[in-house]
Amino acid sequence: LLTSLYELGRTEEKNVSDLLTPIPTTNHVIAIEFIQQGHMIMYDKSELFKFNPSLQNNYLYKRDFSGRPGLFLSGRIWKKDIIVLKGPDTNHKRTLITNKILWFAHGKLVSKPERLASLSEHRRDQLADIFQEFVNNQYKIVTDVINILPLDNTVLLVIMINNQFPGQIDDYVNFFRKGVLAKKDDVIDQELICSICNRKTRISAFKEPPIDFFYTDKIHFFEHSNPVTGFPLCDDCYLEVQSGLSFVKSKLNYEVPLFSNSKMKDTALNFLLIPHLSNHRLMSSFKTDLEKNNHLYLNSLKDLCLTLKSISKYDSHQKENVESLLKFSALFYTKDKRGLMRVINYVSGIYPAQLEVLFRLKQEIDERFRHIACSFSRPQDFYIGLPLLTMFYKRSHKIKRKNTNEAQQENAIIQILSKMFTGQQIPTDEIIVVINAKIRELSLESYDLQEISKVTFLGLMLIEYFIALNNHGEVK
Amino acid sequence: MSDNSEENDYTTQQIRNLQKFIEGSPLVKENRGVFAVAVCVGILLEVQEILYNKVAPFWQRLNRLDLDLYRVKEFYPEVKSKLAMYRERKWDTIINYLGTELAHLPTSPPNSNVLEAKENLNLVFSIGLAYGSRLKRGYLGESTKTQEVKM
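Below is a short write-up of the structure. Residue positions are given per chain, counted from 1 along the sequence in the order it is written. Labels are handed out in written order, letters beginning with A for the chains and numbers beginning with 1 for the ligands. Owing to the predicted nature of the model, reporting of local features is limited to residues with pLDDT of at least 70; listing and counting of side-chain atom pairs is limited to 80 or more, with chain, interface and lining totals taken over all residues. To obtain the side-chain values, all non-hydrogen atoms of the structure were used and water was disregarded.

Things to note about the environment of Gln168 of chain A
Residues and elements named next belong to chain A. Note the cut-off: Here a strand is any run of E in DSSP of at least two residues, a helix any run of H or I of at least four, and the numbering for each starts at the N terminus. Two residues form a contact once any of their heavy atoms are found within 4.5 Å. Polar contact is defined as a pair of N or O atoms within 3.5 Å, subject to the rule that within protein one atom must be able to donate a hydrogen and the other to accept it, and that residues adjacent in sequence are counted only when both atoms are side-chain atoms.
Relative to the assigned elements, Gln168 resides in the loop between strand S4 (154-161) and helix H7 (170-180). Sequence separation between Gln168 and Tyr59 is 109 residues; the distance between their C-alpha atoms is 8.4 Å. Contact partners of Gln168, with chain neighbours within four places excluded, come to Asn58 and Asn163. One polar contact links the side chain of Gln168 to the main-chain amide nitrogen of Phe165, over a distance of 2.7 Å.

In structure tokens form, the structure reads like this:
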């Protein structure tokens, strides 16, 4: 996994974007604008901007895994918090104002004076003045921000100084880069062999984890919290891994909607498809294909995971060599209550040809059931997609059942996905049991033959799809 | 006269559609006898729902769709006699055709994989019910050719 991320990162041209956290779900940015008047920094206004992914470098957003909205001068506010912030005055709202709007002086990179040592005096004073303005003008800042806060899934809140975002000021970019690559103070560096490049060098522990699910503070990862000996990583490889991971998270990150949990929150199962290609030239072609071709099967896979719709166009890689030498592994993960990544499973041996088979057979089944679909008022629901699979695993909250363990169901879905992706035999008998349970559940709620018919035909489509996948594997 | 011939054409088309559906689905084909009975039951449920203007009474016989071969075998003569009682003659030809499919019903449940066979039977029965319901409502009327879906 690490070597592949490293290889993927190596082909990137190095810039600050490798160190940033991708934010694909953000639509808006709120800038809290400060202007310099003589020696003084004054709060001016807060302004709402459309989020532009190509300007991501300007915002210098990096997630802080300790729980603050961000690492430096930008942070993210999630929808659930936006709803509270726009709502009536409560204790929770006051806490969120402190933690989500007025938090900047407590950002990890600026919270202690010694961390600011690498900044020039002018910039240190500038930051100190800005943080003082947050204290002096907090009511106005908070009111302005809340007034323009849109009800998006997530909004980026960032500081702007003299009409410039932090990423447009070289001093702050350099400071941010140094901060992200900073080492832990309490871990002594040692001469070790880097686990990726195999070079012997002095290695210390990075403050920011190299991969999202690598929590160095967890005692069961490393005794005495010493990640250096357990996972030695040199500076160069750290950057390459960050860059590779950033690419995978923005381009090869897939989401399958899952069932609502007991608190009626929608959950999702996510997976990263990590490409394995040892040839750098081919890796470049692979990345170009992925970025330029919206219909590349890897991009179409997002639709298969997220929606029920027709996918009639899916392209292969332009260079045949890429196709024949490429394979993937899937890292299944979910996000916990704090939004932290929890790895559930890792599956290797996924080949492009098999992923394309998923689309070809989907198309066949979709077409075969068109006349049935047209007999219903919403024919657009009758397409093969992974939400169909999760729909059958979802249990009604009205009906308490034995063995309705969400974790088990999630695990069962992952097993099926793994088998689909790797071309192994899918246990259709288990899926028939699940489909029957769903139909019975419906018949317990009402004797609506229309609804039962719809679910039954969807179940038939799903099972025929899996039978077709199994038969394809046998023929191969 | 022309009305009768139109009805015959419609029924012939429906039987062709049914055959095509059975042949096109490996799961249904394997349990075609059960599917045939369930289509008849689906038609009856729709007839009863209109007749009684409430939940069809025959639902009580379906044991919440948890069935076995013995129960399924009992349904066909019951459905036939009830439809005759309601004077629903329109479906006679199709029901009689489905009756010929009953020859494919196994005489007894398999000795091995009993649970798996039962689950398959129940799913195919639900598929048959759904098909019968769509058939009775006239939604599967025209043709099984691929149709354009308006999105």
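Things to note about the interface of chain A and chain B
The criterion, for reference: Put simply, buried area is how much 1.4 Å-probe accessible surface two parts lose in total, over both of them, once they are put together. In what follows, salt bridge is the name for a side-chain nitrogen of Lys or Arg lying within 4 Å of a carboxyl oxygen of Asp or Glu. Under this grouping Gly is polar, as are all residues other than the nonpolar Ala, Val, Leu, Ile, Met, Phe, Trp, Tyr, Cys and Pro and the charged Asp, Glu, Lys and Arg.
Opposite the 31 residues of chain A that make contact, chain B presents 38 residues. Taking both partners together, chain A and chain B bury about 3,100 Å²; carbon and sulfur atoms supply 66% of that area. Taken as a group, His371, Tyr447 and Leu449 of chain A account for 23% of the area that chain A buries against chain B, more than any other trio of residues on that side. At the junction of chain A with chain B, the criterion picks out one salt bridge. Among the ionic pairs, Asp66 of chain B bridges to Arg440 of chain A, the shortest N-O distance being 3.9 Å. At the junction of chain A with chain B, the criterion picks out 10 residue pairs in polar contact (both at pLDDT 80 or more). Elements that contribute at least two residues to the side of chain A that touches chain B include exactly helix H13 (352-368), helix H14 (370-373), helix H17 (428-445) and helix H18 (449-475) of chain A. No other element matches the 10 residues that H18 of chain A contributes to the side of chain A that touches chain B. Across the side of chain A that touches chain B, the residue classes break down as 17 nonpolar, eight polar and six charged.

Structural notes on helix H11 (residues 297-306) of chain A
For clarity, the threshold we go by: In this scheme, a residue with accessible area under 20% of its type's maximum is buried, one over 50% is exposed, and one in between is partly exposed, where area comes from a 1.4 Å probe on protein chains only.
Within H11 of chain A, seven of the 10 residues are buried, leaving the element largely enclosed by the surrounding structure. Buried residues of H11 of chain A: Tyr297, Leu298, Asn299, Ser300, Leu301, Leu304 and Cys305 of chain A, and no others.

Some thoughts on helix H3 (residues 32-52) of chain B
All names here are of chain B. Counted only if it meets this: An expected span of 1.5 Å times one less than the residue number is assigned to each helix.
For H3, which comprises 21 residues, the first-to-last C-alpha distance of 30 Å matches the rise-based estimate of 30 Å (1.5 Å per residue) to within 8%. With 17 of 21 residues buried, H3 is to be regarded as a mostly interior element. The first or second residue beyond H3 is Asn53, which carries a positive phi of 55°.

Focus on the sheet that holds strand S1 (residues 28-37) of chain A
Strands in a sheet are paired, the pairing made by backbone hydrogen bonds, and the direction either parallel or antiparallel. All names here are of chain A. Condition: Pairing between two strands requires that DSSP report at least two bridges joining them. Axis angles are defined between N-to-C directions and span 0 to 180 degrees, where every axis is a line fitted to C-alpha atoms and, for a helix, only to the segment in contact.
Reading across from one edge, S2-S1-S4-S3 is the order of the four strands in this open sheet, with mixed pairing throughout. Strands at the two margins of the open sheet, each flanked by one partner only, are strand S2 (40-50) and strand S3 (74-78). On average, adjacent strands in this sheet sit at an angle of 20° to one another, irrespective of strand direction. In the sheet, S1 pairs with S4 via seven bridges, with the strands oriented parallel. Each residue of the ladder has a partner; that of His28, found in S4, is Val155. Relative to the sheet, helix H6 (residues 138-148) contacts S1, S2 and S4, its axis offset from that of S2 by approximately 10°.

Some remarks on the side chain of Thr334 of chain A
Locating Thr334 of chain A in the fold gives a position in strand S9 (residues 327-335). In this structure the side chain of Thr334 of chain A is engaged in a polar contact, spanning 3.4 Å, whose partner is the backbone oxygen of Ala268 of chain A.

Some points on the environment of Thr456 of chain A
Its place among the elements puts Thr456 of chain A in helix H18. Separated by 21 residues in the primary sequence, Thr456 of chain A and Ile435 of chain A have C-alpha atoms spaced 7.8 Å apart. Excluding its chain neighbours within four sequence positions, the residues that come into contact with Thr456 of chain A are Ile439 of chain A together with Ser126, Ile127 and Ala130 of chain B.

Brief notes about the pattern of salt bridges
Applying the stated criterion across every chain yields a total of 25 salt bridges over all chains. Between Asp64 of chain A and Lys108 of chain A there is a salt bridge, and its shortest N-O distance comes to 3.4 Å. Here Asp64 of chain A, found in the loop between helix H2 (56-59) and S3, pairs with Lys108 of chain A, found in the loop between helix H4 (91-101) and helix H5 (121-136); they are 44 residues apart in sequence, far enough to count as distant. Asp64 of chain A gets classed as buried once you look at its relative accessible area, which sits at 2%. Glu46 of chain B is paired through a salt bridge with Arg137 of chain B; the nearest N and O atoms lie 3.1 Å apart. One end of the pair, Glu46 of chain B, is in helix H3; the other, Arg137 of chain B, is in the segment after helix H6 (114-136), and 91 residues separate them in sequence. For Arg137 of chain B, a relative accessible area of 34% puts it in the partly exposed group.

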